[in-house]
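# Commentary on secondary and tertiary structure
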Amino acid sequence: YGSTRPERILAEVKRKATRGDARSVVDTIDQYCRHQEWAMNVGDEKGTILDSIVCEVKPRAMLELGTYCGYSAVRIASLLPPNSRLITMEFNPVFAAIARQVIAWAGVEDKVVLIEGPSGDWIPKMKKEFGLTSFDLVFLDHWKDCYLPDTKLMEECGLLRTGSILVADNVICPGAPDYLEYVRGSPRYESKYFRSHLEYTTVEDGIEKSVFLG
Ligand SMILES: O=C(NC/C=C/[C@H]1O[C@@H](n2cnc(C(F)(F)F)c2)[C@H](O)[C@@H]1O)c1cc([N+](=O)[O-])cc(O)c1O
Ligand SMILES: [Mg+2]
């Protein structure tokens, strides 16, 4: 029930996941999307790769582009050290409203700031709005043709410092060819591909981890 897929996912979280237990929210969404209806969460397999990078970097300031239902926001927030913050950006108000409820159900709302609107509007004002100098870690999982322009915009706005890490979902499927060519070809990035599979399928996909060299 629920008219949209995100609403059905939220309903499943409220029915099956334990309030305040981020892992149970993540597992509930994975179960539902693997066995009931597919949805574009980073998923369990690629999620494990993302987890390992979050744990390695221990970001104080992290940005996610593309909240959708809040699956990866919950997954990331559950791993953040105390007084760290994930800012997650969502364009679609309907998705944002669902994600806020999923994030609250998981009990990670004090680690997550969800902002709504286009990246082109938000990226230039984030330093001022959030008292930021730069992001330690950025997870790109929004529209694939926006990965490259938004990365260039983050560079221009001084949101990346030497050592900032970009983690991009779907570099194979659906693919982000211009982004991949840029981070792999630029002397300003050290890039590495983590081979995996498209969420809940056996189709090849992967995550690209790129360190900004300044
Ligand atoms: O299209 C995919 N993802 C697009 C994801 C898009 C999501 O990012 C939001 N957004 C747009 N701009 C912003 C910001 F932040 F800029 F404001 C946020 C959109 O509203 C949507 O919720 C996708 C598709 C497949 N697939 O298999 O087709 C698999 C995947 O893992 C995927 O991520
Ligand atoms: Mg994705």
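The coordinates are above.
A short tour of the structure in this document, coming up. (Residues numbered from 1 in each chain as written. Chains lettered and ligands numbered in written order. Predicted model: local features only at pLDDT ≥ 70, side-chain atom pairs only at ≥ 80, totals over all residues. Heavy atoms only, no water.)

A few words on the site of ligand 1. The environment of ligand 1 is made up of 21 residues, and the closest members are Glu90, Asp141, Lys144, Asn170 and Glu199. One of the side-chain N or O atoms of Asn170 is found 2.6 Å from an oxygen atom in ligand 1. Take Glu199: an N or O atom from its side chain is 2.5 Å from an oxygen atom of ligand 1. When isolated, ligand 1 has an accessible area of 690 Å², and the protein chains bury 88% of it. Class assignment of the residues belonging to the shell around ligand 1 gives a composition of 10 nonpolar, six polar and five charged. (Near = heavy atom within 4 Å. Polar contact = N/O pair within 3.5 Å; in protein donor to acceptor, adjacent residues only side chain to side chain. Areas by Shrake-Rupley, 256 points an atom, 1.4 Å probe, with all protein chains shown as cover. Nonpolar A, V, L, I, M, F, W, Y, C, P; charged D, E, K, R; others polar.)

With that settled, consider the packing of helix α2 (residues 22–35) against helix α5 (residues 93–106). The contact between α2 and α5 brings their axes to 7 Å, and the two run at 130°. Judged by the inter-axis angle, α2 sits oblique to α5. Along its contact with α2, which presents Ala22, Val25 and Ile29, the element α5 presents Val102, Trp105 and Ala106. Grouping the amino acids of the contact of α2 with α5 by side-chain chemistry returns six nonpolar, no polar and no charged. (Axes fitted to C-alpha atoms, helices over the stretch in contact; angles between N-to-C directions. Helix = DSSP H or I, 4+ residues; strand = E, 2+ residues; numbered from the N terminus. Parallel < 35°, antiparallel > 145°, perpendicular 65-115°, else oblique. Contact = heavy atoms within 4.5 Å.)

Attention now goes to the packing of aromatic side chains. In total, this model carries six aromatic pairs according to the counting rule given. Between the aromatic rings of Trp122 and Phe130, the centroid separation amounts to 6.1 Å while the plane-to-plane angle is 35°, which identifies the pairing as tilted. Of the residues examined, Trp122 reaches a relative accessible area of 13% and is grouped as buried. Ring centres 5.2 Å apart and planes at 55° place the aromatic pair Tyr189 and Phe212 in the tilted group. Separated by 23 residues along the polypeptide, Tyr189 in strand β6 (residues 189–197) and Phe212 in strand β7 (residues 204–212) bring together distant segments of the chain. Like Tyr189, the residue Phe212 is buried in the burial classification. The rings of Tyr182, Tyr189 and Phe212 are connected pair by pair, giving a single aromatic cluster. Directly above the ring of Tyr182 sits Lys152, whose terminal nitrogen or CZ lies 5.2 Å from the centroid. (Phe/Tyr/Trp six-rings, centres within 6.5 Å; stacked < 30°, edge-to-face > 60°. Buried < 20%, exposed > 50% of the residue type's maximum accessible area, 1.4 Å probe, protein only. Lys NZ or Arg CZ within 6 Å of the ring centre and 35° of its normal.)

Looking at the secondary structure, you find Ser72 in helix α4 (residues 71–77). For Ser72, a relative accessible area of 4% gives the class buried. For Ser72, the contacting residues outside a window of four places in its chain are Val42, Leu50, Glu64 and Phe139.

Let's shift gears to the side chain of Glu155. With respect to the helices and strands, the residue Glu155 is situated in helix α8 (residues 147–156). Of note is the side chain of Glu155, whose polar atom sits 3.5 Å from the side chain of Arg188. If near-sequence neighbours (up to four positions away) are discounted, Glu155 is found in contact with Leu160, Tyr182, Arg188, Tyr189 and Phe212.

Once that is clear, we can look at the nonpolar core. If you look at the biggest cluster of nonpolar residues, it comprises 42 residues, and the most contacted ones within it are Val25, Ile29, Val74, Ile76, Ile103, Val108 and Val167. Going through the elements one at a time, α1 (5–16), α2, α3 (43–57), α4, α5, β3 (112–116), β4 (135–140) and β5 (160–168) are the ones with two or more residues in this core. In terms of residues, this core owes the most to one element, α5, which gives seven residues. Sequence-distant contacts of Val74, that is, excluding residues within four places in its chain, are made with Ala22, Val25, Val26, Val102, Ile103, Ala106 and Val108. In terms of nonpolar packing, the next biggest core, distinct from the first, is built from 29 residues, Phe130, Phe135, Leu140 and Ala176 among them. (Core = buried A, V, L, I, M, F, W, Y, C linked by side-chain atoms within 4.5 Å.)

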